[in-house]
Structures are given as C-alpha cells and as structure tokens.
Amino acid sequence: RHEKEAETTMRREAPEEGVTTGNGGLPLTLTKQNFTSDQDPRWCPGCGDYAILSAVQSVMPDLGVPPHNMVWVSGIGCAGRFTYYMDTYGMHGIHGRAPALATGIATSRPDLSVWVATGDGDALSIGGNHLIHTLRRNVNVKILLFNNQIYGLTKGQYSPTSEEGKVTKSTPFGSLDHPFNPIALAIGAEATFVARSLDNDRKHLTEILKAAADHEGTAFIEIYQNCNVFNDGAFAAVRDKQAGAQQNQIRLEHGQPIRFGAADEKGIVQKPDGHVEIVDADQAGEENLLVHDAHRESPSLAFALAHLSERPTGPTPIGIFRQVRRPVYGEAMERQLASATEKLGSGDLDKLLHSGDTWDVS
C-alpha cells in the first residue's frame, strides 16, 4: 500500500536519520505522509487528540521504522480511533485489552515496533490489570495514555482520573472515588520508562516520543489531553498560556537542578523523610535544590515527584520521571525457549496434539 510513495521517495544514497531501505535495498525517505492513512480524523472540533495525532505522525519518520514494521493497538474510547488514522498495521481491540494484545504481538514479533493508544477510562478502569502487568513485565511496547479526566466517547461520565466531587452525568451529586495518579501508578508497577507531556506542546511531546521509542522495554507516557466538550479547561493551569501555564510547568531534565517559574525563581528540595516540596530557589540556595535523576534505580524519587502535585491545578511536573534498564520480557522468553530446546530438543507439535487421551469424532 506504500508502493506509490516508495516509487517517488527512493534515493540512491546512504541511509541517514529518518531513512530506511525500500525495495531492492535502495534508501527510502520516510515522511509524515507515509504514516497518514486515507481516513479523515473524526473527533470533536478542538479536541486535543488532533494535536497528538499530528505530533505522532510527524515524529514517526525520524524513528527510521517503515510503516509495515509498525503496529498500533487501541481499545475503546476516543483514543480507540487512533489506529485508523495511522497508515501502519493496527488492531482495534475491546475495552481495556490493548496492552494484552500488544504484549502478544511484541513477544511473538520482536522485530516490530509496537505502540498502544489508550485513554484514562480504557486503561485504568476495565484495563487496569492488563496495564500494570505489561508495565511490570517490561514488554517492549510504547503506551500513550490520553488523560482527559472524563469519559468522552460515552458523553461525559466520570473516569478513574476524575477529581473527587466531580459532577457528571453518572455522578450528579459528585464523585466519591479517589482518583488514580497515572504516573504514580506506573512507577509503582516498576515501569522502566515513565513520562508526562501535553497535547498542545508539540516540541516537548515530540522529544518525549523519541525518547520512548529509543527505550528498550515498556515506555509509558501520560498525555494531558483537553476534552473541550465534556471537561474543558481541566489542565488550564499547566496547558494554557493565558492561565500562566509556563510558570506552573515543572520541567524535569535529567542531571539538572529542578527550577521553574517565569524567572526560574522557584525550585524543588527533598526533605530528610524523602518527600519533595516547592521552595523559593534563592532562599534555599542552588546547592540545596534537587537535581533530577531519572536513571536512579530506586523508584522512590520518581514516586515522590509524581505526588508533588496530585491534581494539575498548580505547579505540575512534566517530562521523564524515570528511565532505567531492565531485561525486556520478550527477550527473556526467547532465551528461556532456546535453553529448553537445547536441553530437551525441538518439539513436535503434531505429536503433542495427538498424544494422551484422544477421541475420533465421526
């Protein structure tokens, strides 16, 4: 299906960034168009999903992975439409099962680049168990969780990330549930890559996507996504310029002291008991500010930063919270199978199926 694009983009020169090989070993330059399907995106006008889709389609060529070596998996919800708009292989699964489907694909076909598009309702409600087990196993998949703190597809019911007291069609007197903190949940499940970005910050989101793609193992990215119909302005404090978003964004950069504010006048310090808090940077002193360490093996620092702001209504961390190395699940499984084959010899599937008690059905 990419034959026409390949005919016009193959060049006889050495491959470089964003370039892969096409038919006959000739270099094939990938563009955003290679990852854009012929389906017209259909979300509500002004939905943050449009910005996420555009950013994803723009960054995919830089990964050097051709569309036929990539799979996008989604579940149910507004994010579920994502697979139809990516001109790659894709699977639209049932509610909450996208991580499980992606696990099967990634472990059986380690040569493929496997991505998941899901929402806060899809991933954290009926799909909660599938999500945490994918994270703890460190399967080589990249999970984008679009968090709008509401059920958008079914017209505005509260979700697992909606704040307490949230008045919706399903909670007319206010939600009684304590919400999930997706970043803390992922860190608690021992995810090896955990990050947060914003739908309308293309530069930041692009950087996070590239880092996730380079990571070996599960990469989890929470994306604050505005639902302008059923939950408009939920992230205004960190997302909208008119609300002073810049001074509320605590940008995490590995190896750098954590400072933020219009003039970097605020900072983060870590207390003796391990919790972190916001201080006046000048009064605290540069030498006392917390230096972010995303590669720290212990998840305690990342977990503390995840709880610095329980709700995105004020200063909120964005960026990579944690990025560590751990054996990838599929690779470990292959080594185990190879070891078993070496010790026991290769198996005979037909013999296995016809062994033991069998019956002839006429």
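Quick caveat: nothing in here was measured; it's all calculated off a predicted structure. (Residues numbered from 1 in each chain as written. Predicted model: local features only at pLDDT ≥ 70, side-chain atom pairs only at ≥ 80, totals over all residues. Heavy atoms only, no water.)

A. Representation of the overall build of the protein chain within the structure. Of the regular secondary structure elements, the protein chain holds 14 helices and 13 strands. The C-alpha atoms of the protein chain give a radius of gyration of 23 Å, which matches the 21 Å a tight globule of 362 residues would have. Considered along the principal axes of its C-alpha atoms, the protein chain spans approximately 75 × 55 × 45 Å. When burial is assessed residue by residue, the protein chain has 49% of its 362 residues classed as buried. Here the analysis covers contacts within the protein chain between residues at least 6 apart in sequence; of these, 64% occur between residues at least 24 apart. Each charge class in the protein chain can be summarised by its mean position, and for the 33 positive and 45 negative side chains these summaries are 2 Å apart. (Helix = DSSP H or I, 4+ residues; strand = E, 2+ residues; numbered from the N terminus. Rg over C-alpha atoms; globule rule 2.2 N^0.38 Å. Buried < 20%, exposed > 50% of the residue type's maximum accessible area, 1.4 Å probe, protein only. Contact = heavy atoms within 4.5 Å. Lys, Arg positive; Asp, Glu negative; His and termini not counted. Charge placed at Lys NZ, Arg CZ, Asp CG, Glu CD.)

B. A look at a positive patch on the surface. On the surface, Arg 42, Arg 81, Lys 155 and Lys 169 cluster together into a positively charged patch. In this structure, Arg 42 sits in the loop between strand S2 (27-29) and helix H2 (48-59). (Patch = residues over 30% accessible without salt bridge, like charges linked within 9 Å, V, L, I, M, F, W, Y side chains within 5 Å. Areas by Shrake-Rupley, 256 points an atom, 1.4 Å probe, with all protein chains shown as cover. Salt bridge = Lys/Arg side-chain N within 4 Å of Asp/Glu carboxyl O.)

C. Local environment of the packing of aromatic side chains. Scanning all chains against the criterion turns up six aromatic pairs. When the centroid spacing of 5.6 Å and the interplanar angle of 70° are considered together, the rings of Phe 82 and Phe 146 count as edge-to-face. Separated by 64 residues along the polypeptide, Phe 82 in helix H3 (residues 82-85) and Phe 146 in strand S6 (residues 142-147) bring together distant segments of the chain. Across this residue pair, the class does not change: Phe 82 and Phe 146 are buried. Here the aromatic residues Trp 72, Phe 82, Trp 115 and Phe 146 are joined through ring pairs into a cluster of three or more. The positively charged end of Arg 137 is found above the aromatic ring belonging to Tyr 329, 6.0 Å away from the centroid. (Phe/Tyr/Trp six-rings, centres within 6.5 Å; stacked < 30°, edge-to-face > 60°. Lys NZ or Arg CZ within 6 Å of the ring centre and 35° of its normal.)

D. Expanded view of the confidence of the model for the protein chain. This prediction gives the protein chain a mean pLDDT of 90; 92% of its residues lie at or above 70. Scored below 50 in pLDDT, residues 1-15 makes 25 contacts in the model with residues more than four places away or belonging to other chains. (pLDDT = per-residue confidence, 0-100.)

E. Fine view of the packing of H2 against helix H8 (residues 202-214). The contact between H2 and H8 brings their axes to 10 Å, and the two run at 50°. In this view, H2 runs oblique relative to H8, as classed from their interaxial angle. Relative to H8, H2 is oriented so that their crossing is right-handed. Counting all contacts with H2, which are made through Ile 52, Ser 54, Ala 55, Val 56, Ser 58 and Val 59, the residues of H8 involved are Arg 202, Leu 205, Thr 206, Leu 209 and Lys 210. A breakdown of the residues in the contact of H2 with H8 according to their chemical character gives six nonpolar, three polar and two charged. (Axes fitted to C-alpha atoms, helices over the stretch in contact; angles between N-to-C directions. Parallel < 35°, antiparallel > 145°, perpendicular 65-115°, else oblique. Left-handed = near helix turned anticlockwise from the far one by under 90°. Nonpolar A, V, L, I, M, F, W, Y, C, P; charged D, E, K, R; others polar.)

F. Broad picture of H2. The end-to-end C-alpha separation of H2 is 17 Å, in line with the 16 Å expected for 12 residues at 1.5 Å each. For H2, the tally of buried residues reaches nine of 12 residues, placing the bulk of the element in the interior. For H2, every residue scored as buried is listed here: Gly 48, Asp 49, Ile 52, Leu 53, Ser 54, Ala 55, Val 56, Gln 57 and Val 59. Those residues of H2 that are buried lie in contact with strand S3 (70-74), H3, S6, H8 and strand S8 (219-224). (Expected span 1.5 Å × (residues − 1).)

G. Fine view of the pairing of strand S11 (residues 266-270). Note that strand S10 (residues 259-260) and S11 share two bridges and pair antiparallel. Paired with Arg 259 across the bridge in S11 is Gly 267. Counted along the chain from S10 to the antiparallel partner S11, the turn is five residues long, and its residue Gly 261 has a positive phi close to 110°. Connecting S11 to the next strand, strand S12 (residues 276-280), in antiparallel fashion are five residues, including Gly 274 with a positive phi near 100°. (Pairing = 2+ DSSP bridges.)

H. The side chain of Ser 175, seen in detail. If you trace the backbone, Ser 175 turns up in the loop between S6 and helix H7 (182-188). Relative accessible area serves as the criterion here: at 4%, Ser 175 is assigned to the buried category. One polar contact links the side chain of Ser 175 to the main-chain amide nitrogen of Asp 177, over a distance of 3.2 Å. Not counting residues within four places of it along the chain, the set of residues in contact with Ser 175 comprises Tyr 158, Glu 163, Glu 164, Gly 165 and Lys 166. (Polar contact = N/O pair within 3.5 Å; in protein donor to acceptor, adjacent residues only side chain to side chain.)

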